[in-house]
Amino acid sequence: MKIGFIGSGHIGSIVARKAIEAGHEVILSNSRGPQTLRDLVGELGPHASAATAQQAGEQGDMVVVAVPLKDLDDVPVAPLAGKVVIDTMNYYPERDGHIAALDDGTTTTSELTAAQLPQSKVVKAFNSIYAAEIGSTARPASDPQRRTLPIAGDDAQAKRVVAGLIESFGFDVLDAGPLHEGFRFQNGTPAYCVRAGRAELETLLAQA
């Protein structure tokens, strides 16, 4: 599978690395242009390439959006139509500016993403784990210390695809429900960036 990346910072780059390890090709992009990704592509090897955000969206069978929430409007819409889109974003008012609908709980970050990308199949994932721990805490399926990561989304098939990717990285997956339920593992909640197995994670999600 080819996975396009809109954003190649801490989260984007480590997810790309794990995707390559799992046998996929990655197309990286950022806001500064493909030429600024030369070192990262060289480090990741022959299964990585750099492109514009538009091209990464067009070429990816699946697309990972890993940009600051304040840059959501810059995510290309048309190339992502019909595709599974993994939303990794969290809301930080000090960085993103205050968004009233998020401040009062009317909506969630992923619902904003779905509104921006109305023809995409948005799944919330990878926002509740520190970037470095995507590499350092992965474990084989037989390991009793294997960590569980939550996802949320409105499309059941899209969630199965994303869950399969996460499992191939070395994590179990807990489906938290529809996209709105992503608020249960956003920053500031009990489930945010906690190393937990399935049973403990279910308890933490219920506390949000």
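Residues numbered from 1 in each chain as written. Predicted model: local features only at pLDDT ≥ 70, side-chain atom pairs only at ≥ 80, totals over all residues. Heavy atoms only, no water.

### Structural notes on the side chain of T88
Moving on, step 1. One can find T88 in the loop between β5 (84–87) and α4 (93–96).
Moving on, step 2. Note on T88: relative accessible area 8%, which makes it buried.
Moving on, step 3. Here V65 takes part through its backbone oxygen, which lies 3.0 Å from a polar atom of the side chain of T88.
Moving on, step 4. If we ignore the near neighbours within four places in the chain, the residues touching T88 are I11, V64, V65, A66, K124, A125, F126 and N127. (Helix = DSSP H or I, 4+ residues; strand = E, 2+ residues; numbered from the N terminus. Buried < 20%, exposed > 50% of the residue type's maximum accessible area, 1.4 Å probe, protein only. Polar contact = N/O pair within 3.5 Å; in protein donor to acceptor, adjacent residues only side chain to side chain. Contact = heavy atoms within 4.5 Å.)

### Looking at helix α1 (residues 10–21)
Moving on, step 1. If you check α1, its first and last C-alpha atoms are 17 Å apart, about what 12 residues at 1.5 Å a residue would give, namely 16 Å.
Moving on, step 2. α1 sits mainly inside the fold: 9 of its 12 residues count as buried.
Moving on, step 3. For α1, the set of buried residues is I11, G12, S13, I14, V15, A16, K18, A19 and I20.
Moving on, step 4. Looking at the residues trailing α1, positive phi occurs at G23, about 100°. (Expected span 1.5 Å × (residues − 1).)

### Section: the nonpolar core
Moving on, step 1. Membership of the largest hydrophobic core comes to 37 residues, with the highest contact counts inside it found for V15, L28, F126 and I166.
Moving on, step 2. Of all hydrophobic cores here, the second largest spans 18 residues; its members include I6, A56, Y91 and L179. (Core = buried A, V, L, I, M, F, W, Y, C linked by side-chain atoms within 4.5 Å.)

### Quick notes on the pairing of strand β1 (residues 2–6)
Moving on, step 1. A large share of β1 lies buried, amounting to 4 of its 5 residues.
Moving on, step 2. As defined by bridge partners, β1 adjoins strand β2 (residues 25–29) across 5 bridges and the pair is classed as parallel. Residue pairing across strands places G4 opposite I27, the latter belonging to β2.
Moving on, step 3. What joins β1 to β2 is α1, and the crossover it makes is right-handed.
Moving on, step 4. Here 4 bridges tie β1 to strand β4 (residues 62–65), and the two strands are oriented parallel to one another. (Pairing = 2+ DSSP bridges. Right-handed = clockwise from strand over helix to strand, strands pointing away.)

### Things to note about the environment of D154
Moving on, step 1. With respect to the helices and strands, the residue D154 is situated in the loop between β7 (148–153) and α8 (156–169).
Moving on, step 2. Remark: the alpha-carbon pair of D154 and T189, spanning 35 residues in sequence, is separated by 21 Å.
Moving on, step 3. Here L179 takes part through its backbone nitrogen, which lies 2.8 Å from a polar atom of the side chain of D154.

### Focus: the environment of A206
Moving on, step 1. Note that A206 resides in helix α9 (residues 198–206).
Moving on, step 2. Its relative accessible area of 59% is what places A206 among the exposed residues.
Moving on, step 3. Residues A206 and A176, spaced 30 residues apart in sequence, show a C-alpha to C-alpha distance of 9.7 Å.

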